[in-house]
Amino acid sequence: MRIDVFTLFPEWFDWMERSRPLRNAHAAGSLELCTFDYRTTTPLRGGRVDDTPYGGGPGMVIRVDVVAAALEGAYGATSRAPRVVVLSPRGRPFDDAMARELAGEDQLAILCGRYEGFDERVHAHLASDTVSIGPYVLSGGEIAAMAIVDALGRRLPGALGNDASLEQESFSPALGGGTEHPHYTRPPEFRGWGVPEVLLSGHHGEVERWRRDRVGSGPAVALQPGREEGQGDGDPDRDPDRGALGGDADRRADARPDHDPESDAG
Ligand code: ADE
């Protein structure tokens, strides 16, 4: 798959193909990441790419002619562009299903905005999709593009050491779209925080059942006993994960040296 990122900051993406797992996908020939700088192809003097909004108001808007020139520079004509994703907080929410869908494309263009975003005609006439990575406003699309490139790239052949990791991970169809079970590793006890006994028992069937019971529908914090209200009552009787050594989620959080219990809203 080739992913073309259009941005004012192409060098920000340099690290992506150098770091695993995208480096693996690149080495396997399944990912090519290209960047395009709007300033290289802008028809405006002095490398300008934006203008003030019609009707007034704060901020600057990236011009439609600048974006069209960037796409034409890359593909010859905007009609020959691949699927074009424009990033905006008012786009369709990016999720795992969309990651799977987009990772199936041979080529994808991602347009990063800055300032107040793009002239609406970019969305209407040049883009195939408008996508948001969450209900908050970033300073620009670059971090959103990195999140999407990462989520797509790790799905490509050769990216992960074990492709089974993809099948059983959070939001996968195998987990019914739920979040994955918690993970533990050595040591079995640390500062009195234990590991659920079943995981140390060697009973594969029991371990499987324990994991299945912990497939969740929300963020991991909602699975932490006593934290449903963001309070954490620390009641050990309500903590099914409490092992023989007595670890629990509340003490785990409270023991962090920089942890302020007042500010832990979950
Ligand atoms: N640009 C600014 N905020 C964004 C967001 N939440 N998602 C995608 N692009 C953005």
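Rules and cut-offs
Residues numbered from 1 in each chain as written. Predicted model: local features only at pLDDT ≥ 70, side-chain atom pairs only at ≥ 80, totals over all residues. Helix = DSSP H or I, 4+ residues; strand = E, 2+ residues; numbered from the N terminus. Buried ≥ 20, exposed ≤ 12 C-beta atoms within 10 Å, placed from the backbone. Contact = placed C-beta atoms within 7 Å. Core = buried A, V, L, I, M, F, W, Y, C linked by C-beta atoms within 7 Å. Expected span 1.5 Å × (residues − 1). Arc of directions from axis to C-beta. Near = placed C-beta within 6 Å. Nonpolar A, V, L, I, M, F, W, Y, C, P; charged D, E, K, R; others polar. Pairing = 2+ DSSP bridges. Axes fitted to C-alpha atoms, helices over the stretch in contact; angles between N-to-C directions. pLDDT = per-residue confidence, 0-100.

Undergrad: So what about the overall build of the chain? Which residues, and what values?
TA: In terms of helices and strands, the chain carries eleven helices and seven strands. Sorting the 266 residues of the chain into buried and exposed places 25% on the buried side. Of the contacts made within the chain by residues no fewer than 6 positions apart, 69% connect residues no fewer than 24 positions apart.

Undergrad: Before we move on, can you summarise the nonpolar core with the specific residues and values?
TA: Formed by 41 residues in total, the largest nonpolar core has its most connected members in Val67, Val85, Leu87, Ile110 and Leu111. Take this core: its biggest share by element is five residues, from helix H6 (residues 142–153).

Undergrad: Outline the environment of Gly29, supporting the account with residue identities and numerical values.
TA: Turning to its location among the elements, Gly29 is positioned in the loop between helix H1 (22–27) and strand S2 (32–37). Residue classification places Gly29 among the exposed residues on the basis of 10 C-beta atoms within 10 Å. Along the sequence, Gly29 and Gly158 sit 129 residues apart, while their C-alpha atoms lie 8.5 Å from each other.

Undergrad: If you had to explain helix H3 (residues 64–75) to someone new, which residues and values would you point to?
TA: Over its twelve residues, H3 runs 16 Å from end to end, which matches the ideal 16 Å to within 8%, given 1.5 Å per residue. All of the buried residues along H3 are Val66, Val67, Ala70 and Leu71. Viewed along the axis of H3, the buried residues span an arc of 130°, placing them on a single side of the element. Each element contacted by the buried residues of H3 is listed here: strand S1 (2–7), S2, helix H2 (38–41), strand S4 (61–62), strand S6 (107–111) and helix H5 (120–126).

Undergrad: Which residues make up the site of the ligand, and what are the values?
TA: Lining the immediate surroundings of the ligand are Leu87, Ser88, Pro89, Ser132, Ile133, Gly134, Tyr136, Val137, Leu138, Gly141 and Ala144. No other element matches the three residues that strand S5 (residues 83–93) contributes to the shell around the ligand. Taken together, the residues of the shell around the ligand sort by class into seven nonpolar, four polar and no charged.

Undergrad: Got a sec to walk through the environment of Tyr54? Specific residues and values, please.
TA: Mapped onto the secondary structure, Tyr54 falls in the loop between strand S3 (50–51) and S4. Tyr54 sits 65 residues away from Asp119 along the chain, and the two C-alpha atoms are 9.9 Å apart.

Undergrad: Go over the sheet that holds S1 with me, naming the residues and quoting the values.
TA: Each strand in a sheet pairs with another by means of backbone hydrogen bonds, the pair being arranged parallel or else antiparallel. Read across the sheet, five strands follow the order S2-S1-S6-S5-S7 without closing on themselves; strand pairing throughout is parallel. Looking at strand neighbours, the two that pair on one side only are S2 and strand S7 (129–132), the edges of this open sheet. Taken pair by pair, the neighbouring strands of this sheet meet at an average axis angle of 30°, ignoring direction. In this sheet, S2 lies alongside S1 in parallel orientation, the contact comprising six bridges. In the sheet register, Phe6 faces S2, and the bridge partner there is Phe36.

Undergrad: Hey, could you go over unusual backbone geometry for me, with residue numbers and the actual values?
TA: Here the amide bond leading from Arg20 into Pro21 is cis, since omega sits at 5°, within 30 degrees of zero. By secondary structure assignment, the location of Pro21 is in the loop between S1 and H1. Along the chain, Arg186 connects to Pro187 via a cis peptide bond; the corresponding omega equals 5°. Structurally, Pro187 is set in the loop between helix H7 (164–167) and helix H8 (197–200). The phi angle at Phe171 is positive, at roughly 75°, despite the residue not being glycine. Structurally, the position occupied by Phe171 is in the loop between H7 and H8.

Undergrad: Provide a residue-level description of the confidence of the model for the chain, including the pertinent values.
TA: Averaged over the chain, the pLDDT score is 85; the fraction of residues at 70 or greater is 81%. Per-residue pLDDT stays below 50 along residues 228–266; that stretch engages in 53 contacts with residues further than four places along the chain or on separate chains.

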